Amino acid sequence: MGYKAPKKDGNKGGKYENGQIVLVREFQPADKPAVQRIFSEGLMEMIPDTAFRGLKHHPESLLLYATMTVICFAITMCWWVIGLLPAAVVCLRYFYSRRVIHGYLRQAMSRDMEDIEGCYMKSPGSCLWVAVLQGKVVGVVAAVGRSASTVELQRMCVDQRHRRSGVGFALGQKVLEFAVVNRYSSVVLGTTAYTPAAHLLYQRLGFHCVGVTNGYVTPGARQSLLERIFYRVRHHHYSLNVKDSKKLSNGHH
Ligand SMILES: CC(C)(COP(=O)(O)OP(=O)(O)OC[C@H]1O[C@@H](n2cnc3c(N)ncnc32)[C@H](O)[C@@H]1OP(=O)(O)O)[C@@H](O)C(=O)NCCC(=O)NCCS
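Residues numbered from 1 in each chain as written. Predicted model: local features only at pLDDT ≥ 70, side-chain atom pairs only at ≥ 80, totals over all residues.

Quick notes on the overall build of the chain
Heads up, the condition is: Each helix corresponds to a stretch of at least 4 residues labelled H or I by DSSP, and each strand to a stretch of at least 2 residues labelled E; elements are numbered beginning at the N terminus. Once C-beta atoms are placed from the backbone, each residue is buried if 20 or more other C-beta atoms lie within 10 Å of its own, exposed if 12 or fewer, and partly exposed for counts between those two. Contact criterion: two residues are in contact if their C-beta atoms, reconstructed from the backbone, are within 7 Å.
Across its full length, the chain holds seven helices and eight strands. When each of the 253 residues of the chain is scored for burial, the buried share is 30%. Considering only intrachain contacts with a sequence separation of at least 6, the fraction spanning at least 24 residues in the chain is 70%.

Considering the nonpolar core
Rule in force here: What makes a nonpolar core is a set of buried Ala, Val, Leu, Ile, Met, Phe, Trp, Tyr and Cys residues, with links drawn between C-beta atoms within 7 Å.
Counting residues in each nonpolar core, the largest one holds 53 residues, and the members touching the most others are Ala131, Val140, Val141, Leu171, Val175, Ala179 and Val187. With eight residues, helix α5 (residues 167-181) is the single largest residue contributor to this core. Apart from residues lying up to four places away in sequence, Leu171 is in contact with Val24, Trp129, Ala131, Gly139, Val141 and Met156.

Looking at the site of the ligand
As a reminder of what qualifies: The criterion for a residue being near a molecule or strand is a backbone-placed C-beta atom within 6 Å of that molecule or strand. Under the convention adopted here, Pro, Cys and the residues Ala, Val, Leu, Ile, Met, Phe, Trp and Tyr are nonpolar, Asp, Glu, Lys and Arg are charged, and Gly plus all remaining residues are polar.
What surrounds the ligand is a group of 20 residues, the closest being Arg163, Gly168, Phe169, Ala197 and Leu201. Listed by contribution, the elements that provide at least two residues to the shell around the ligand are α1 (32-51), β5 (150-158), α5 and α6 (196-205). Counting residues per element, the shell around the ligand draws most heavily on α6, which supplies six residues. Its residues assigned to classes, the shell around the ligand shows 11 nonpolar, five polar and four charged.

Describing the packing of helix α2 (residues 59-76) against helix α3 (residues 80-110)
Quick note on the threshold: Fitting a line to C-alpha atoms yields each axis, with helices limited to the stretch in contact; the angle taken between N-to-C directions then spans 0 to 180 degrees. Whether a crossing is left-handed or right-handed is set by the direction in which the near helix is turned from the far one by less than a right angle, anticlockwise for left-handed and clockwise for right-handed.
Look at α2 against α3: their axes get within 10 Å of each other, and the N-to-C directions meet at 140°. The way α2 lies across α3 gives a crossing that is right-handed. Between α2, through Tyr65, Met68, Thr69, Cys72, Phe73 and Thr76, and α3, the contact on the second element is made entirely by Val81, Ile82, Leu85, Pro86 and Val89. Split by residue class, the contact of α2 with α3 holds nine nonpolar, two polar and no charged.

Considering the confidence of the model for the chain
Put simply, the rule is: pLDDT expresses, on a scale from 0 to 100, how confident the predictor is about each individual residue.
Chain-level statistics for the chain give a pLDDT mean of 89 and a share of 90% at 70 or above. In the predicted structure, residues 1-13 sits below a pLDDT of 50 and forms 20 contacts with residues beyond four places in sequence or in another chain.

Structural notes on α6
Worth spelling out the cut-off: It is the directions from the helix axis to the C-beta atoms whose arc is reported.
Residues of α6 that are buried: Ala198, Tyr202 and Leu205. The buried residues of α6 occupy an angular sector of 60° when projected down its axis, which confines them to one face. The exposed set on the far side of α6, more than 90 degrees from its buried face, consists of Pro196 and Leu200. The secondary structure elements touched by the buried residues of α6 are α5, β6 (186-191) and β8 (234-241). Looking one or two residues beyond α6, the residue adopting positive phi is Gly206, at roughly 110°.

Below you can see the structure in the form of structure tokens.
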């Protein structure tokens, strides 16, 4: 492959944003507050994404809400039900998306995001990196070994103020480099994002969508009946064969 990167290096992986070097390096304990902030801000963006944008991707939910409206109208014969119920549905979707995503955040913050050192930096098959721009942490990504041949890309997130400048791509490349050096044959990941950014980034890195789970159970979800009605997401599974990857030494822009 003609590519060699150190296993857990300190300061490799420079990319460019407006002429400035974006450094991708391993996590250090002092990065923890910035990593937690970027991760939680990124997760909070998922609330409106899931509640509103997600709706048009779930015709089965739209059908259910339309049926509920018709039944309520048939029972009450009040025209205002036609206007009120869809508004209530939108509010409930926001409420349950917020509740599930907060649950997920709480779980992550009490596990790997609380003990980043222990969860990512002490195991030889895992690592967490940060992207640094002018001394400031602006992005994060992690890799977790799932088996002898497969590593999972996790926790990809870039500070909103530094997006569309190649930071996410540089972080993704770091995970691919890690996979090569540690002799993993495939890199996998999953995402419930409805915004195109994450999907386009992964496709640009060379990942292919290998499956979609509709009605995915988000970790931390309570799965009550109302939650299942008003919070429904698709989970896209992506995979990349390391041998076929051409994105390891290519620059971004
Ligand atoms: C997804 C995310 C990590 C992308 O980070 P980024 O630093 O903005 O991405 P890059 O600038 O490196 O973009 C790399 C490629 O991804 C695609 N891309 C990224 N953001 C995009 C957007 N908003 N619209 C269209 N394409 C986009 C493009 O193909 C881009 O290549 P190009 O600039 O040559 O066209 C960032 O938007 C983010 O943190 N989102 C919130 C958290 C999230 O969704 N994480 C993934 C959950 S699994």
